[in-house]
Amino acid sequence: MFEKLELTKEKYYQLEKKLATPELLANMDVWQKVNREYVDIKPLVEAYEEYRKNENLIEENKEMLKMADEQEMKDLLNEEIVEAKENLVNLEEKITFLLVPKDPNDYKNVYVEIRSGAGGDEAGLFAGELYRMYQMYSNKQGYKIEVVSLSEQGIGGIKEVIFMVKGEGAYSKLKYESGVHRVQRVPQTETSGRIHTSTATVAVLPEAEKVDVEINEATELRIDYFRSSGAGGQHVNTTDSAVRITHIPSGIVVSMQDEKSQHKNRDKAMKILYQKLYEHKLEEQQKELSEDRKSQVGTGDRSEKIRTYNFPQGRVTDHRINKTIYQLDAFLDGNIEEMIDALILEDQTKKLALSQQ
């Protein structure tokens, strides 16, 4: 392990020098790639250097103990040795976790898709609450949200919303939100006071780059333009602003009519198409990796759940790690960091166990 750490340390300082070279500064795309690698290994190198610093302190104090005459000085040196040894134990644990291979997508922006599942209007209302929860969480993290498409439903609920969360490391945090979320509560429209169960599905995917998915637009796409339908003003009935893009090899179809501009609708539709194809690619990769995550979205059925939001008991429970938080209102206000941290720790622990087999 320490041989690997020495090599990582050497690489870290090489990257640091490289980042300051005029050649790299002149090419920001390459600079960002090198800087990302530099930032990724920085915590590991800092922890390793702190480990070596404590090792050296122990050796120095042991030498000083041999020459110390006063008991007060001996006690002080021994205290520092005990403290340094405790630091070594903690740092070794930290280094071990930092050595776990990282998901190469962790630094990316993410697309989040929320759909109402089982439960009619109540499911739509719950989907809207989840959307608000992720908005508030993103604001607390300093992330920016860009709505791609929004389809409202019933009495203020959401049928489907797709939005991008922009921010360094957004995927590393939000990727654990993928799956079926279940809510248990008494709907406002329920006169008998019965608790209803509804669901919403959440899918989180890293932003696809053109290097991730290749599309030959000339031969693989069919693009149709048509008039928008529904609310939206005069342009709805007078211009062919809506866009439908069909990816011929896969049969995937994406339609977009949220914008007045045909050009903007096409751009948005292309982004979603890249995401759909990237999702398909990731699912194929996951099938090949038995220990990797399964498909992110289930059918929306009540039984396929990752998390339950129980209003009568004021709790939220994540069934993957059997963790319950009894602050449901605060959780829905975007204070989900405790749950995310617990999921990250569980994921790292499993990966660590696999790497040591």
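Residues numbered from 1 in each chain as written. Predicted model: local features only at pLDDT ≥ 70, side-chain atom pairs only at ≥ 80, totals over all residues. Heavy atoms only, no water.

## Quick look at the sheet that holds strand 8 (residues 252-256)
Pairing between the strands of a sheet is mediated by backbone hydrogen bonds and can be parallel or antiparallel. Spatial strand order, 6-7-8: three strands in an open sheet with antiparallel pairing. Each end of this open sheet is capped by a strand with a single partner; those strands are strand 6 (221-226) and strand 8. Across the sheet, the axes of successive neighbouring strands diverge by a mean angle of 15°, strand direction being ignored. Judged from the six bridges that link them, strand 6 and strand 7 (residues 242-247) form a sheet pairing that is antiparallel. Each residue of the ladder has a partner; that of L221, found in strand 7, is H247. (Pairing = 2+ DSSP bridges. Helix = DSSP H or I, 4+ residues; strand = E, 2+ residues; numbered from the N terminus. Axes fitted to C-alpha atoms, helices over the stretch in contact; angles between N-to-C directions.)

## What to know about the sheet that holds strand 2 (residues 144-153)
Strand order across the open sheet formed by eight strands is 2-3-1-5-4-9-10-11, with mixed pairing between neighbours. Looking at which strands have only one partner, the edges of the open sheet turn out to be strand 2 and strand 11 (323-325). The mean inter-strand angle of the sheet, taken between neighbouring strand axes irrespective of direction, is 15°. Relative to strand 3 (residues 157-166), strand 1 (residues 110-116) is paired through six bridges, and the arrangement is antiparallel. Paired with Y111 across the strands is M164, a residue of strand 3. Of the strands in this sheet, strand 1, strand 2, strand 3, strand 4 (179-185), strand 5 (196-206) and strand 9 (307-310) touch helix 5 (residues 120-141), which is tilted by about 20° from strand 3. (Contact = heavy atoms within 4.5 Å.)

## Some thoughts on the nonpolar core
Within the largest apolar cluster, 36 residues are counted, with the highest numbers of intra-cluster contacts made by I114, L130, Y134 and Y309. Broken down by secondary-structure element, the contributors of at least two residues to this core are strand 1, helix 5, strand 3, helix 6 (170-174), strand 5, helix 10 (328-332) and helix 11 (337-355). Top element by residues in this core is helix 5. It accounts for seven residues. Not counting chain neighbours up to four residues away, the residues in contact with Y309 comprise F126, L130, M133, H181, R182, V183, Q184, R315, V316, L328, F331 and L332. Of all hydrophobic cores here, the second largest spans 19 residues; its members include I162, V254, A269 and Y278. (Core = buried A, V, L, I, M, F, W, Y, C linked by side-chain atoms within 4.5 Å. Buried < 20%, exposed > 50% of the residue type's maximum accessible area, 1.4 Å probe, protein only.)

## Topic: helix 4 (residues 71-98)
Over its 28 residues, helix 4 runs 40 Å from end to end, which matches the ideal 40 Å to within 8%, given 1.5 Å per residue. Residues of helix 4 that are buried include every one of L77, I81, A84, L88, L91, I95, T96 and F97, and no others. (Expected span 1.5 Å × (residues − 1).)

## Some words on the pairing of strand 5
Most of strand 5 sits out of view: nine of its 11 residues are buried. In this structure, strand 1 lies alongside strand 5, joined through seven bridges in antiparallel fashion. Across the sheet, E113 pairs through a bridge with A203, a residue of strand 5. Judged from the seven bridges that link them, strand 4 and strand 5 form a sheet pairing that is antiparallel. Directly across from Q184, in strand 5, lies its bridge partner T197.

## Concerning the packing of helix 3 (residues 28-67) against helix 4
When two helices pack together, their arrangement is given by the angle between the helix axes and by the axis-to-axis distance. The contact between helix 3 and helix 4 brings their axes to 9 Å, and the two run at 155°. Considering the angle they form, helix 3 stands roughly antiparallel to helix 4. Judged by the sense of rotation from one axis to the other, the crossing of helix 3 with helix 4 is left-handed. Of the residues in the contact of helix 3 with helix 4, the class split is 16 nonpolar, four polar and eight charged. (Parallel < 35°, antiparallel > 145°, perpendicular 65-115°, else oblique. Left-handed = near helix turned anticlockwise from the far one by under 90°. Nonpolar A, V, L, I, M, F, W, Y, C, P; charged D, E, K, R; others polar.)

## Re a negative patch on the surface
A contiguous patch of negative charge on the surface is contributed by D69, E70, E72, D75, E79, E80, E83 and E86. One can find E86 in helix 4. When its relative accessible area of 48% is taken as the criterion, E86 is described as partly exposed. (Patch = residues over 30% accessible without salt bridge, like charges linked within 9 Å, V, L, I, M, F, W, Y side chains within 5 Å. Areas by Shrake-Rupley, 256 points an atom, 1.4 Å probe, with all protein chains shown as cover. Salt bridge = Lys/Arg side-chain N within 4 Å of Asp/Glu carboxyl O. Lys, Arg positive; Asp, Glu negative; His and termini not counted. Charge placed at Lys NZ, Arg CZ, Asp CG, Glu CD.)

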